[in-house]
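Residues per chain, in single letters:
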Amino acid sequence: MLLFLFIDQFTKMITDYLGVHQSKFFLGIIRIDITRNPGMAFSWFADKPPIMVMITVLTVFLIIGIGFAYFFLFRKNKPAQICLAIIEAGAIGNLIDRLVLGCVRDFIDVSPLHFGVCNPADFFITFGAVALVFIILFIGPSAVFPLTKKWREEAKRLEEEKKHQKKRNAAEDKHGASAAETYAAEQGNQTEAEGRGERDRVGK
């Protein structure tokens, strides 16, 4: 994650410092043109500061949620963790811009492709999100629709293990309940016997 965050911040800093404004598009699709965007993608809500404050707060919660998913939900899924790290780097990169500068530094102009002007963080978020969805759906035995036969067989084996574990847990719970009932009955019998003995001593 730190590598992607460094790439985002370093390229923004260099293009902003140099004030790069290319007039021609390379291959007719891309050029470097540094701008400052106070809004979201495509300058949405640029003239609505209160909404941008709310979006910034939501971004913080999103970053926390991504961290939770990385360490807990996908702790055994390395490809998914890589995607989450890339998304996290992009989200933190743009958040740093908003908190420090009050806007996001965009410089990759791909408007001929109808994507407007963006930055590396935007690419990281988009690529990471698309790749994460693909991984969740198709990659690995834990995927919704495992692509390979090996993953499908592994998924079936894991499912069987879960079923057996549930049965063992149920059996243990039942055995534990039976043991508790037996112990309670024994304690009741002992108390009753002690009561009879006490009454017998009093009668004598």
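Calculation notes
- Residues numbered from 1 in each chain as written.
- Predicted model: local features only at pLDDT ≥ 70, side-chain atom pairs only at ≥ 80, totals over all residues.
- Heavy atoms only, no water.
- Salt bridge = Lys/Arg side-chain N within 4 Å of Asp/Glu carboxyl O.
- Helix = DSSP H or I, 4+ residues; strand = E, 2+ residues; numbered from the N terminus.
- Buried < 20%, exposed > 50% of the residue type's maximum accessible area, 1.4 Å probe, protein only.
- Pairing = 2+ DSSP bridges.
- Contact = heavy atoms within 4.5 Å.
- Axes fitted to C-alpha atoms, helices over the stretch in contact; angles between N-to-C directions.

### Here we look at the pattern of salt bridges
Considering all chains together, one arrives at eight salt bridges under this definition. Of the charged contacts in the structure, one is a salt bridge between K12 and D8, with a shortest N-O distance of 3.0 Å. Of the two residues, K12 and D8 are both situated in helix 1 (residues 2–18); the distance of four residues between them amounts to about one turn of the helix. Its relative accessible area of 0% is what places K12 among the buried residues. For D97, the salt bridge goes to K12, with nearest N and O atoms at 3.2 Å. Residue D97 is located in helix 3 (residues 78–101), and its partner K12 is located in helix 1; the two are separated by 85 residues in the primary sequence. Among the residues examined, D97 registers a relative accessible area of 1% and is labelled buried. Here the salt bridges do not stand alone but share partners, grouping D8, K12, D97 and R105 into one network.

### Some thoughts on the sheet that holds strand 3 (residues 117–118)
Ordered by their spatial adjacency, three strands build an open sheet running 1-2-3, and the pairing between neighbours is antiparallel. Both edges of this open sheet fall to strand 1 (31–37) and strand 3, since each of them pairs with a single strand only. Pairing of strand 1 with strand 2 (residues 104–109), which is carried by five bridges, proceeds in the antiparallel orientation. Paired with I32 across the strands is I108, a residue of strand 2. Lying on the sheet, helix 3 is in contact with strand 1 and strand 2; it crosses strand 2 at an angle near 130 degrees. The strands touched by helix 4 (residues 120–138) within the sheet are strand 2 and strand 3, with strand 2 carrying the most contacts at an inclination of about 80 degrees.

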